[in-house]
Amino acid sequence: QVQLVESGGGLVQPGGSLRLSCAASGSTFSGYDMSWYRQAPGKERELVATITRTGDFLKYADSVKGRFTISRDNAKNTVYLQMDSLNPEDTAVYYCNRIWPPFSWGQGTQVTVSS
């Protein structure tokens, strides 16, 4: 079973940047398309970005397109989310996972955008 550990969140001012990491262990990470999700208080979990197994196809939610960049390093079993031009609407807990079937969810990493 794959275990997912997200990190890199924190408090950042509007317009700032953060880089999130998701480390996977327990299986062949390079065989899976991976995604980042986020969940804001009182809202449903939202799909933010997806990267294919080889990294040759990327997809983003309209709300983050042009500001966020997903990438992966299969040798390190890690997927990243570079977040630029952050705004308060990006405040949420961020998770990574496979779309289907999902692995057990990690604890997520909190991103707070506030002045």
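Everything quoted here is computed from the prediction, not taken from an experiment.

Caption draft 1: Fine view of the state of the cysteines. Under the criterion given, the structure shown has one disulfide. One disulfide bridge connects cysteine 22 with cysteine 96, the sulfur atoms lying 1.7 Å from each other. Linking cysteine 22 in strand β3 (residues 18–25) with cysteine 96 in strand β9 (residues 92–97), this pair joins segments that are 74 residues apart in sequence. Cysteine 22 sits in the buried class, given a relative accessible area of 0%. On the accessibility criterion, cysteine 96 (0% relative accessible area) is buried.

Caption draft 2: Layout of the pattern of salt bridges. Here the structure, examined in full by the defined rule, presents five salt bridges. A salt bridge links arginine 38 to glutamate 46; the shortest N-O distance between them is 2.8 Å. The class for arginine 38 is buried, based on a relative accessible area of 7%. For glutamate 46, a relative accessible area of 30% translates into the label partly exposed. Residue aspartate 90 pairs with arginine 38 through a salt bridge whose shortest N-O separation is 2.9 Å. Residue aspartate 90 is located in the loop between β8 (78–83) and β9, and its partner arginine 38 is located in strand β4 (residues 34–39); the two are separated by 52 residues in the primary sequence. Exposure remark for aspartate 90: the relative accessible area of 1% places this residue in the buried category. Where salt bridges share partners, they join Arg38, Glu46, Arg67 and Asp90 into one cluster.

Caption draft 3: Spatial organisation of the nonpolar core. Residues Trp36, Leu81, Met83 and Tyr94 are the most contacted members of the largest nonpolar core, which totals 30 residues. When residues of this core are assigned to their parent elements, the largest contribution, four residues, is made by β3. Ignoring anything within four residues of it in the chain, the contact list for methionine 83 reads Gly16, Ser17, Leu18, Leu20, Arg67, Phe68, Tyr94 and Val111.

Caption draft 4: Here's a closer look at the sheet that holds strand β1 (residues 3–7). With antiparallel pairing, four strands are arranged side by side in an open sheet as β1-β3-β8-β7. Both edges of this open sheet fall to β1 and β7 (68–73), since each of them pairs with a single strand only. Averaged over all pairs of adjacent strands, the angle between strand axes in this sheet comes to 15°, irrespective of strand direction. As judged from the five bridges shared by β1 and β3, these two strands associate in the antiparallel manner. Counterpart to leucine 4 in the pairing with β3 is alanine 24.

Caption draft 5: Local environment of a nonpolar patch on the surface. A contiguous nonpolar surface patch, about 360 Å² in accessible area, is contributed by Leu47, Ile99 and Trp100. As for its placement among the helices and strands, tryptophan 100 is situated in the loop between β9 and β10 (109–113).

Caption draft 6: Inspection of the environment of aspartate 56 at higher detail. Looking at the element boundaries, aspartate 56 is found in the loop between β5 (46–51) and β6 (58–60). Between the C-alpha atoms of aspartate 56 and asparagine 74, which are 18 residues apart in sequence, the distance is 13 Å. In this structure the side chain of aspartate 56 is engaged in a polar contact, spanning 2.7 Å, whose partner is the side chain of threonine 52. A distance of 3.0 Å separates a polar atom in the side chain of aspartate 56 from a polar atom in the side chain of threonine 54.

Criteria and cut-off values
Residues numbered from 1 in each chain as written. Predicted model: local features only at pLDDT ≥ 70, side-chain atom pairs only at ≥ 80, totals over all residues. Heavy atoms only, no water. Disulfide = S-S within 2.5 Å. Helix = DSSP H or I, 4+ residues; strand = E, 2+ residues; numbered from the N terminus. Buried < 20%, exposed > 50% of the residue type's maximum accessible area, 1.4 Å probe, protein only. Salt bridge = Lys/Arg side-chain N within 4 Å of Asp/Glu carboxyl O. Core = buried A, V, L, I, M, F, W, Y, C linked by side-chain atoms within 4.5 Å. Contact = heavy atoms within 4.5 Å. Pairing = 2+ DSSP bridges. Axes fitted to C-alpha atoms, helices over the stretch in contact; angles between N-to-C directions. Patch = residues over 30% accessible without salt bridge, like charges linked within 9 Å, V, L, I, M, F, W, Y side chains within 5 Å. Areas by Shrake-Rupley, 256 points an atom, 1.4 Å probe, with all protein chains shown as cover. Polar contact = N/O pair within 3.5 Å; in protein donor to acceptor, adjacent residues only side chain to side chain.

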